[in-house]
Amino acid sequence: MKRDKSLDAVKHAESLMPGGVNSPVRAFKSVGLSPIVVKRAKDDKIYDIDGNEYIDYVMSYGPMLLGHADERVVKSVWSAASEGFSFGATTEAEIELAGLINKHFPSIESVRLVSSGTEAVMSALRLARGFTGRSKIIKFEGCYHGHSDSMLVKAGSGALTTSVPSSAGITESLSKDTLVAVYNDISSVKELFSANKKETAAVIIEPVAANMGVVLPKEGFLNELINLAHDNGSLVIFDEVITGFRLSNGGAQGLFGLKPDITCLGKIIGGGLPIGAFGGRKDIMEFLSPLGPVYQAGTLSGNPVCVSAGIATLKAIESDDAVSKADSSANYLIDGLKNELKNFSDKITVNSISSILTIFFKGGGVLNFNDVMKSDTNRFKDFFASALNGGLFIAPSQYEAMFVSSKHTKSDLDKTVAIISEAIKKYFSNYKNL
Ligand SMILES: *Cc1c(COP(=O)(O)O)cnc(C)c1O
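Since the model is a prediction, treat every value here as computed from it, not as a measurement.

Visitor: Hey, could you run me through helix α7 (residues 221-231) in this one?
Guide: Three or four residues apart is the spacing at which side chains of an α-helix point the same way, because the helix has 3.6 residues per turn. Among the residues of α7, those classed as buried are Phe221, Leu222, Leu225, Ile226, Leu228 and Ala229. Taken end-on, α7 shows its buried residues confined to a sector of 165 degrees, consistent with a single buried face. Elements in contact with the buried residues of α7: β5 (136-140), α6 (186-195), β9 (200-205), β10 (235-239) and α8 (251-256). Where α7 ends, the next residue or the one after it, Gly233, has phi of about 70 degrees, a positive value.

Visitor: Where do I start with the nonpolar core in this structure?
Guide: Buried together is how nonpolar side chains tend to be arranged in soluble globular proteins. Tyr57, Leu333, Ile359, Phe383, Ile420 and Ile424 are the most contacted members of the largest nonpolar core, which has 39 residues in total. Among the elements of the structure, β3 (53-56), α11 (322-340), β14 (356-360), α13 (377-390), β15 (392-393) and α14 (410-430) are those that each provide at least two residues to this core. Per element, the largest residue contribution to this core is eight residues, and it comes from α14. Not counting residues within four places of it along the chain, the set of residues in contact with Ile424 comprises Leu341, Ile348, Ile359, Phe361 and Phe383. If you look at the next biggest cluster of nonpolar residues, it comprises 28 residues, including Ala209, Ile226, Ala229 and Leu258.

Visitor: Can you walk me through the site of the ligand in this structure?
Guide: Within the structure, the ligand sits among Ser116, Gly117, Thr118, Tyr144, His145, Gly146, Glu206, Asn211, Asp239, Val241, Ile242 and Lys267. In this structure, Thr118 approaches the ligand through a side-chain N or O atom, which is 2.6 Å from an oxygen atom. For the ligand, a nitrogen atom lies 2.7 Å from a polar atom in the side chain of Asp239. For the ligand, the protein covers 83% of the area, taking 380 Å² as the surface of the free molecule. Classifying every residue of the shell around the ligand by side-chain character gives three nonpolar, six polar and three charged.

Visitor: For this particular structure, what's the right way to read the sheet that holds β14?
Guide: Within a sheet, each strand pairs with its neighbour through backbone hydrogen bonds, oriented either parallel or antiparallel. Read from one edge of the open sheet, three strands run β13-β14-β16, paired in antiparallel fashion. In this open sheet, the two edge strands, each paired with only one partner strand, are β13 (349-353) and β16 (402-403). Pairing of β14 with β16 involves two bridges; the strand directions are antiparallel. Residue Ile356 lies in a different strand from β16, and its bridge partner there is Phe403.

Visitor: Just to check I follow, could you spell out the domain arrangement of the protein chain for this structure?
Guide: For an interface, size is often stated in terms of accessible area lost upon the parts coming together. What the domain assignment reports for the protein chain is domain 1 (4-68 + 321-427) and domain 2 (71-319). For domain 1 versus domain 2, the distance between C-alpha centres works out to 25 Å. Taken residue by residue, the interface counts 32 residues in domain 1 and 34 residues in domain 2. Here domain 1 and domain 2 share an interface that buries about 2,400 Å² over both sides, 64% of which is from carbon and sulfur atoms. Between Lys42 and Glu71 there is a salt bridge, and its shortest N-O distance comes to 3.2 Å. At the junction of domain 1 with domain 2, the criterion picks out eleven residue pairs in polar contact (both at pLDDT 80 or more). Contributions of two or more residues to the side of domain 1 that touches domain 2 are made by α11, β13, β14 and α12 (369-372). It is β14 that provides the largest number of residues to the side of domain 1 that touches domain 2, a total of four residues.

Visitor: In this structure, what is going on with the sheet that holds strand β4 (residues 110-114)? I would like to understand it.
Guide: Here we have seven strands laid out as an open sheet, ordered β4-β12-β11-β10-β9-β5-β8, and mixed in their pairing. Pairing within the sheet leaves two strands with one partner each, and these edge strands are β4 and β8 (178-181). Averaged over neighbouring strand pairs, the angle between their axes works out to 20 degrees when direction is ignored. Here β5 pairs with β9 via three bridges, running parallel. When the bridges of β9 are listed, Ile138 appears paired with Val203. Packing against the sheet, helix α3 (residues 92-104) makes contact with β4, β11 (262-266) and β12 (276-280), and its axis sits at approximately 125 degrees to β4.

Visitor: Help me understand the packing of α3 against helix α10 (residues 304-320), please; the structure alone is not making it clear to me.
Guide: Any two packed helices are characterised by the angle at which their axes cross and by the distance between the axes. Their axes nearest at 9 Å, the elements α3 and α10 cross at an angle of 35 degrees. By crossing handedness, the relation of α3 to α10 is classed as left-handed. Mapping the contact onto sequence places Ala93, Glu94, Glu96, Leu97, Leu100, Ile101, Lys103 and His104 in α3 and Val307, Gly310, Ile311, Leu314, Lys315 and Glu318 in α10. Broken down by class, the residue content of the contact of α3 with α10 amounts to seven nonpolar, two polar and five charged.

Visitor: Would you mind showing me how to read the pairing of β10 here?
Guide: Every regular strand shows the same layout, with side chains that alternate between the two sheet faces. Among the five residues in β10, five count as buried, and that is most of the element. Burial along β10 is two-sided: the face carrying Leu235, Ile237 and Asp239 and the face carrying Val236 and Phe238 are both buried. Judged from the four bridges that link them, β9 and β10 form a sheet pairing that is parallel. Residue pairing across strands places Ala202 opposite Leu235, the latter belonging to β10. In this region the chain leaves β9, passes through α7 and returns to the parallel neighbour β10; the handedness of that crossover is right-handed. Bridge count for β10 against β11 is three bridges, and the pairing is parallel. Bridge assignment links Phe238 to a residue of β11, and that residue is Thr263. In this fold, the crossover linking β10 to β11 by way of α8 has right-handed handedness.

Calculation notes
- Sequence positions are assigned chain by chain, starting from 1 and proceeding in written order.
- Selection of residues for local features in this predicted model requires a pLDDT of at least 70, selection of side-chain atom pairs for listing and counting requires 80 or more, and totals for whole chains, interfaces and linings are taken over all residues.
- Water and hydrogen atoms play no part in the side-chain values, which are based on all heavy atoms of the structure.
- Here the term buried applies to any residue with accessible area under 20% of the maximum for its type, exposed to any over 50%, and partly exposed to those in between, with areas from a 1.4 Å probe on protein chains only.
- The helix and strand labels rest on DSSP assignments: H or I over at least four residues marks a helix, E over at least two residues marks a strand, and numbering proceeds from the N terminus.
- The directions from the helix axis to the C-beta atoms are what the arc is built from.
- By the convention used here, residues are in contact when the closest approach between their heavy atoms is within 4.5 Å.
- Here the nonpolar core consists of buried residues drawn from Ala, Val, Leu, Ile, Met, Phe, Trp, Tyr and Cys, with membership extended through side-chain atoms lying within 4.5 Å.
- It suffices for a single heavy atom of a residue to lie within 4 Å of a molecule or strand for the residue to be listed as near it.
- Nitrogen and oxygen atoms within 3.5 Å of one another constitute a polar contact, given that in protein one can donate a hydrogen and the other can accept it, and given that sequence-neighbouring residues count only through two side-chain atoms.
- For every accessible area listed, the method is Shrake-Rupley and the probe measures 1.4 Å; residues are considered covered only by the protein chains on display.
- Polar here means any residue other than Ala, Val, Leu, Ile, Met, Phe, Trp, Tyr, Cys and Pro, which are nonpolar, and Asp, Glu, Lys and Arg, which are charged; Gly is therefore polar.
- Any two strands between which DSSP finds at least two bridges are classified as paired.
- Where each domain starts and ends follows an automatic or database-derived domain assignment.
- In short, buried area is how much 1.4 Å probe accessible area vanishes from two parts on joining, totalled over both.
- Any carboxyl oxygen of Asp or Glu within 4 Å of a side-chain nitrogen of Lys or Arg constitutes a salt bridge here.
- Working convention: axes come from line fits to C-alpha atoms, limited for helices to the stretch in contact. Angles between N-to-C directions cover 0 to 180 degrees.
- Note: crossing handedness is left-handed where the near helix turns anticlockwise from the far helix by less than a right angle, and right-handed where it turns clockwise.
- Crossover handedness is defined here as right-handed if the route from the first strand over the helix to the second strand goes clockwise, with the strands pointing away from the viewer.

What follows is the structure, encoded as structure tokens:
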């Protein structure tokens, strides 16, 4: 596969932008390759500027449940754009999107739109702090909640109650208010609550973790977490930026029958255009300005073009049963992979739910961040290169999910099973003597 044009463009980009990218994972650093530069995408396919075609499982890291350039979404964006881009005043479209979110997420009685998942989480945390009058937040190691300062913190090894930042530029005073628990380990949360009595404003969690690869919550874990937080006077924030409108029309909370106090959304609700939202109990949301003392604002919040993409996407999800379509395509893919790779269960673990999955290069199951870190990233690198050269665009990191859309075709899924299983079999037979 020739990628000369991509190579040249990347060089040019590197002279102008840090790492040549506007978001780090795009640089392919962890797999040691030069990234592809994308020209366009349609349905389940993406094309680079050299004209190579890939079956896409990155799907913009989640928003494209309907695949790329869905006609209905394109039409809606086109028509919204022709009526003006941004007004600094309320539109009917915003009200319609809020209604659609509320309809599918009964826990979201009131919602505010923002421009990214990061902004949704950052604002939700401020609101939780303002509402409870407390300063600390509990998060889980390996869960990603965007790049706001207080969320870029993870536990130092072995020291659950002391937190070290995972980025430079995060002050000590910020990181000390972020407590880090172990995913799927309720006792780690109990310890934090008892060491920080009446100080914890909220617990934030990805109800299904999808940013350390896909890691599922153990039966009963989320329920226990909600009860524990409420017993301690603390709010529960579900970060459903990936899982919202993907795990079910009502997200992970709809699938599991749970009710957080605040929910963060993003990705799918913008259909690929920049958006985020946070919402929840009315009494909490009324703490936001202009009604309450917690300030939050945005020049482009509820932007009509982004909102039109979101409305068209959510309506298409409703009328198309797109969530079930993507689910059954993902199941078909996973069944195919499990069948081809059944002799490798001591070397790989496939975690999946609904239409997201991760192939971990570690046998014996993956339940938390510690397990994730035992994956063999060298094997992943090799696998990634074979998959890319075979015509699959998969995220260039062991710690991401593969996203299946409602537009992935059976023949593309068959092709994917063949490329992935060949790559894995080749690797393990070449290196069986190591
Ligand atoms: C992507 C993501 C975010 C951040 O959203 P951005 O739009 O990239 O700022 C937050 N939380 C989760 C769970 C995400 O997957």
